[in-house]
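Analysis of the macromolecular model
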Amino acid sequence: MTIAPTPAAPRAGWRTPSPASADVSAYLDLERGVLDRRIWKDEALYQQELRRVFAPSWLFLAHESQLPKPGDFVTAYMGEDPVIAVRGKDRRVRVFLNTCRHRGMRLCRADAGSTKKFTCSYHGWAYDLDGSLVNVPNPDAYPDHFDTADWGLREVARVDSHKGLVFATWNPAAPALTEALGDMAWYMDAFLDRDPEGTEVVGGVTKWVLEGNWKLAAEQFASDWYHVNMAHASALMVMSPTGRGPKSEIANTPGRQFTSPEGHGAGFPVHPRSRFDDQTVHGYYDYDQLRGRLGDARVEGPMTTGHATVFPNFSYLPVNGTIRVWNPKGPDRMEVWTWTLVDRSMPEDVKQAQRLYNLRTFGPSGIFEQDDGENWSEIQAVSRGFIANDTRLNYQMGLGIHRDDDPDYPGRVGELYSDNAARGFYGRWRDLMNTPAWHENPEASHG
Ligand code: FES
Ligand SMILES: [Fe+2]
């Protein structure tokens, strides 16, 4: 029998030649507000997105209230990469690629739970909560230089949280989460910081699949109050407290839209003339107290209504507490994951009222959600056409109308009815798509 020399310990990843990346500038003319819909359906661009948009960005994974104790875990996606987020014995949340290092089986197949270790269902390799390989069946069959220390789970480079929301990125050189959020954090806190006790999620995660590119949804939640009056006309009639329907209450509502260099966006009526929040939840809040805590501008704007996207694919609506991720599943499909966020101090009946209101309005069969899904699926279906893809689209609303010194609202702010945040979203997308990511750098570590 010959004994081979001991090879160097393998790394978790190694350099594979990066496929050619396209310059996407030709698909968007954001200075003139024109967009090419091929960015929603092209397979090669989609693969480039996974490499250059999803891999380097901070991505939302879970709410801390889903992981209260050591051993608690949830599974999620970062782009199309499945991951496990687990609270360790040291109480730290770590995130691992959800794949066994032996033959690549999906290691954890549960949505959520609590465990002492993760055991692969194929051959039985088992991993501790810190990702180390702790059990290999038939260990004597392996050569002497086989070392379990070399075969731990692949760990996500950075994990951080903002007011209970857990984000992670594969990019070891990513800016800190606070820096990546920038001015967006001020708008998010109008929703996340109403209660000194913070927030939690109730009722589990609701998931469904939609035929449509993930950017259609992310862009709309960043930038589009414009569709509310038309796309949601029937829902607004049902919800209207006066029964007079949408035109008198929503059309020409004054408000603001925020856009940022990081690609985030939010829009909201200011001093809304009509309410579409749940009566029980509305009755729970002490608005004078909230003014003291968050300031008038936030209470009269982004605290109760409007829409928002944290680039690239995390969105929320303060009105019903929905927080959501548009998980990409190929260029023409997304898997929507939604949670209901509530304030921790709310009595149980108020939390449940918000959960039910969220399901009624923006659950998979919610009266608003269906309108949005229908529009995105039809846009995607039209995008299959040859001539359709040679026909450019209009993103010119609010072009050139914004200010960086609004006395009430930080960052770049324009009118509520505007495509500013959509152009900001696609501008950030274009810049990331045109910039080699850290893993394309020959000096980068692959962990
Ligand atoms: S694939 Fe996991 S133990 Fe074999
Ligand atoms: Fe909508």
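Reading the values: the criteria
Residues numbered from 1 in each chain as written. Chains lettered and ligands numbered in written order. Predicted model: local features only at pLDDT ≥ 70, side-chain atom pairs only at ≥ 80, totals over all residues. Pairing = 2+ DSSP bridges. Helix = DSSP H or I, 4+ residues; strand = E, 2+ residues; numbered from the N terminus. Axes fitted to C-alpha atoms, helices over the stretch in contact; angles between N-to-C directions. Core = buried A, V, L, I, M, F, W, Y, C linked by C-beta atoms within 7 Å. Buried ≥ 20, exposed ≤ 12 C-beta atoms within 10 Å, placed from the backbone. Domains from an automatic or database assignment. Contact = placed C-beta atoms within 7 Å. Arc of directions from axis to C-beta. Expected span 1.5 Å × (residues − 1). Nonpolar A, V, L, I, M, F, W, Y, C, P; charged D, E, K, R; others polar. Parallel < 35°, antiparallel > 145°, perpendicular 65-115°, else oblique. Left-handed = near helix turned anticlockwise from the far one by under 90°.

**With respect to the sheet that holds strand 11 (residues 158-162)**
The strand order across the open sheet built from 3 strands is 3-12-11, with neighbouring strands paired in antiparallel fashion. Taken across any chain shown, the strands that pair with only one partner, and hence form the sheet edges, are strand 3 (59-63) and strand 11. This sheet shows a mean twist of 30° between the axes of neighbouring strands, independent of strand direction.

**Some details on the nonpolar core**
In this structure, Leu 61, Val 83, Ile 84 and Ala 85 are the most contacted members of the largest nonpolar core, which totals 100 residues. Counting only domains with at least three residues in this core, you end up with domain 1 (59-159) and domain 2 (183-433). Apart from residues lying up to four places away in sequence, Ala 85 is in contact with Leu 61, Ala 62, Leu 67, Phe 73, Val 74, Ala 76, Val 93, Val 95 and Val 166.

**Some thoughts on the environment of Ser 345**
Here Ser 345 lies in the loop between strand 19 (333-343) and helix 10 (348-362). Residue classification places Ser 345 among the partly exposed residues on the basis of 14 C-beta atoms within 10 Å. For the pair Ser 345 and Gly 267, spaced 78 residues apart in the sequence, the C-alpha separation amounts to 27 Å. Those residues within four positions of Ser 345 in sequence are excluded, and the remaining contacts are Asp 195 and Glu 197.

**Focus on the pairing of strand 15 (residues 265-269)**
Counting buried residues along strand 15, 5 of its 5 residues qualify, which places the element largely inside the surrounding structure. Residues Gly 265, Gly 267 and Pro 269 of strand 15 are buried on one face, and the alternating residues Ala 266 and Phe 268, pointing to the opposite face, are buried as well. Count of turn residues in the strand 14 (residues 255-259)/strand 15 antiparallel hairpin: 5 residues, of which Gly 263 carries a positive phi of about 95°. Here strand 15 pairs with strand 16 (residues 307-310) via 3 bridges, running antiparallel. Residue Gly 265 lies in a different strand from strand 16, and its bridge partner there is Thr 309.

**Re unusual backbone geometry**
Here the residue pair Phe 311 and Pro 312 is connected by a cis peptide bond, since its omega of 0° sits within 30 degrees of zero. The residue Pro 312 is located in the loop between strand 16 and strand 17 (314-317) in this model. The backbone of Asn 138 shows a phi angle near 55°, a positive value even though the residue is not glycine. Topologically, Asn 138 is positioned in the loop between strand 10 (133-135) and strand 11.

**Concerning helix 1 (residues 43-54)**
One full turn of an α-helix is made of 3.6 residues, so residues set three or four places apart face in the same direction. Among the residues of helix 1, those classed as buried are Gln 48, Glu 49, Arg 52, Val 53 and Phe 54. Within helix 1, the buried residues cover an arc of 165° as seen down the axis, which keeps them to one side. Facing away from the buried side of helix 1, by more than 90 degrees, are the exposed residues Glu 43 and Ala 44. Where the residues of helix 1 are buried, they touch strand 3, strand 4 (72-78) and helix 12 (420-433).

**With respect to helix 11 (residues 369-382)**
Between its first and last C-alpha, helix 11 extends 20 Å over 14 residues, near the 20 Å set by a 1.5 Å rise per residue. Listing the buried residues of helix 11 in full gives Glu 369, Asp 372, Gly 373, Trp 376 and Gln 380. Viewed along the axis of helix 11, the buried residues span an arc of 95°, placing them on a single side of the element. Tucked into the core, helix 11 has its buried residues touching strand 13 (199-211), helix 4 (214-223), helix 5 (228-231) and helix 10.

**Comments concerning the sheet that holds strand 10**
Spatially, the 3 strands line up as an open sheet ordered 8-9-10, and their pairing is antiparallel. Every other strand in the sheet has two partners, leaving strand 8 (117-119) and strand 10 as the edge strands with one partner each. The mean angle between the axes of side-by-side strands here comes to 35°, regardless of whether they run parallel or antiparallel.

**Observations regarding the domain arrangement of the protein chain**
For interface size, the figure often reported is the accessible area lost on association. Domain annotation for the protein chain reports domain 1 (59-159) and domain 2 (183-433). Facing 8 residues of domain 1, the contacting portion of domain 2 comprises 9 residues. Partitioned by chemical class, the residues of the side of domain 1 that touches domain 2 number 2 nonpolar, 4 polar and 2 charged.

**Brief notes about the environment of Val 299**
Inspection of the secondary structure puts Val 299 in helix 9 (residues 296-299). Overall, Val 299 belongs to the buried group, with 20 C-beta atoms counted inside 10 Å. In the structure, Val 299 is positioned 212 residues away from Arg 87 in sequence and 34 Å away in space, judged by C-alpha atoms.

**Here's the deal with the pairing of strand 3**
Within strand 3, 5 of the 5 residues are buried, leaving the element largely enclosed by the surrounding structure. Strand direction decides the pairing type here: strand 3 and strand 12 (residues 165-169), joined by 4 bridges, are antiparallel. Its bridge partner lying in strand 12, Phe 60 is registered against Phe 167.

**Looking at the environment of Asp 404**
In this structure, Asp 404 sits in the loop between strand 20 (393-394) and strand 21 (412-415). You can call Asp 404 exposed: it has 8 C-beta atoms within 10 Å. Distance from Asp 404 to Gly 414, taken between C-alpha atoms, is 8.9 Å for residues 10 residues apart in sequence.

**Here's the deal with the packing of helix 4 against helix 12**
Closest axis-to-axis distance for the helix 4/helix 12 pair is 7 Å, and the angle between their directions is 135°. Judged by the inter-axis angle, helix 4 sits oblique to helix 12. Note on packing geometry: the crossing formed by helix 4 with helix 12 is right-handed. Here helix 4 contributes Ala 218, Glu 219, Ala 222 and Ser 223 to the contact with helix 12, which in turn contributes Asn 420, Ala 421, Ala 422 and Phe 425.

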